[in-house]
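Spelled out from the first residue to the last, the chains are:
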Amino acid sequence: MPSNPDQSPAMPTSLRVAPAFASLVAALSVSLLAGTVQAHAAGQAQTAQEWQAAIASPLRTDDDRKADAKRKPAEFLSFAQVKPGMKVLDISAGGGSTAALLAAAVGSKGEVWAQNAKQNAKLDARQVPNLHPLVAGFDNPVPPGAPALDLITINMSYHDIVNTPADREAMNKRLYAALKPGGKLVIIDNAAKKGSGLSATKTLHRIDEDSVVQEVTRAGFKLDTSSGYLRAPSDPREQPFFEMKGAPDDKFALRFVK
């Protein structure tokens, strides 16, 4: 009992320390959060610098750069989440403009296979150590003996594949099997009117975005996200993209995940 009956008992030491301890924990949490945010921002800045270095790479030709204003390579690399060391397959690579950009972005520890259904002299002429031209049908476009892939891209060509006798169901299943768990498939193409299905692939060289999603997800892919970085709402989608006479043409960008 206290000597003074009006004096309250002393507060236990553990209770007196508790508020100070809680403040310390809160301060440490704020500090850790700030450090995490700063590290994330620094990582994003470094990645953006790597993409800009890839865009400026001497592996790309002057002809490659002529299309940059329309194709927006920085946004493409960001959307495809390209990182150094990746193993990538570019489907229907043509002369290799996209493949060369990817080869520059994945660096010397990464590899890019550039598939075409027939040999392409412009692609073959590229002297890029980590870029491998591949002649294979669309039914089975995966390079034999390749490691599990991180990324597959089909840039402006899915509608062209529709216009071939290729079995797209078989193709999409093989692409799914070729990717690592969590691997990505990025498809960019010329947008047709919603609901038009595959009806404009030959006449307008456009394809309905929903039709692509339906075909690809049937193979097991999940739609991860889409991007509007190539969208052009002013495009009535009634002409082939190459007859737009300089007017913006509408394109969609889809990213699927295994």
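Below, the structure is looked at part by part.

So, how was this worked out
- Residues numbered from 1 in each chain as written.
- Predicted model: local features only at pLDDT ≥ 70, side-chain atom pairs only at ≥ 80, totals over all residues.
- Heavy atoms only, no water.
- Salt bridge = Lys/Arg side-chain N within 4 Å of Asp/Glu carboxyl O.
- Helix = DSSP H or I, 4+ residues; strand = E, 2+ residues; numbered from the N terminus.
- Buried < 20%, exposed > 50% of the residue type's maximum accessible area, 1.4 Å probe, protein only.
- Axes fitted to C-alpha atoms, helices over the stretch in contact; angles between N-to-C directions.
- Left-handed = near helix turned anticlockwise from the far one by under 90°.
- Contact = heavy atoms within 4.5 Å.
- Nonpolar A, V, L, I, M, F, W, Y, C, P; charged D, E, K, R; others polar.
- Polar contact = N/O pair within 3.5 Å; in protein donor to acceptor, adjacent residues only side chain to side chain.
- Phe/Tyr/Trp six-rings, centres within 6.5 Å; stacked < 30°, edge-to-face > 60°.
- Lys NZ or Arg CZ within 6 Å of the ring centre and 35° of its normal.

A few points about the pattern of salt bridges
The final tally for this structure, using the stated rule, is 15 salt bridges. Residue Glu111 pairs with Lys87 through a salt bridge whose shortest N-O separation is 3.4 Å. Of this pair, Glu111 sits in strand β2 (residues 111-116) while Lys87 sits in strand β1 (residues 87-91), placing them 24 residues apart in sequence. In this structure Glu111 comes out as partly exposed when scored by relative accessible area, which is 25%. The shortest N-O distance in the salt bridge between Lys193 and Glu238 comes to 3.0 Å. A residue pair is termed long-range when its members are at least 10 positions apart, and Lys193 in the loop between β5 (179-190) and α9 (209-218) and Glu238 in the loop between β6 (222-227) and β7 (251-257) qualify at 45 residues. Where salt bridges share partners, they join Lys70, Asp249 and Lys251 into one cluster.

Focus on the packing of helix α4 (residues 73-80) against helix α5 (residues 97-106)
Packing of α4 against α5 leaves a shortest axis separation of 12 Å and a crossing angle of 65°. Here α4 and α5 pass one another in a crossing that is right-handed. Between α4 and α5, the residues in contact are Pro73, Phe76 and Leu77 and Thr98, Leu101, Leu102 and Ala105, respectively. For the contact of α4 with α5, a count of residues per class yields six nonpolar, one polar and no charged.

Remarks on the side chain of Asn172
The residue Asn172 is located in helix α8 (residues 168-178) in this model. At 3.1 Å, the side chain of Asn172 and the side chain of Tyr158 are in polar contact. Not counting the four nearest positions on each side in its chain, Asn172 is found in contact with Tyr158, Glu215, Val216, Ala219 and Phe221.

Concerning unusual backbone geometry
One non-glycine residue, Arg237, lies in positive phi territory at about 60°. Along the polypeptide, Arg237 turns up in the loop between β6 and β7. Its identity as a non-glycine residue notwithstanding, Lys245 has a phi of 55°, on the positive side. Structurally, Lys245 is set in the loop between β6 and β7. In this structure Lys245 comes out as exposed when scored by relative accessible area, which is 84%.

Regarding the packing of aromatic side chains
A full pass over the atoms with the stated rule returns four aromatic pairs. Consider the rings of Tyr176 and Phe221, whose centres lie 5.1 Å apart with planes at 90°: the pair is edge-to-face. With a gap of 45 residues between them, Tyr176 in helix α8 and Phe221 in the loop between α9 and β6 connect regions that are remote in the sequence. The interplanar angle of 65° and the centroid separation of 6.4 Å between the aromatic rings of Phe221 and Phe256 together place this pair among those described as edge-to-face. Here Phe221 is found in the loop between α9 and β6, whereas its partner Phe256 is found in strand β7, with 35 residues between them in sequence. Taken as a pair, Phe221 and Phe256 share a single burial class, namely buried. Taken together, the aromatic side chains of Tyr176, Phe221 and Phe256 make up a single cluster linked through ring pairs. For Lys258, the ring lying beneath its charged end belongs to Tyr176, and the centroid distance is 5.0 Å.

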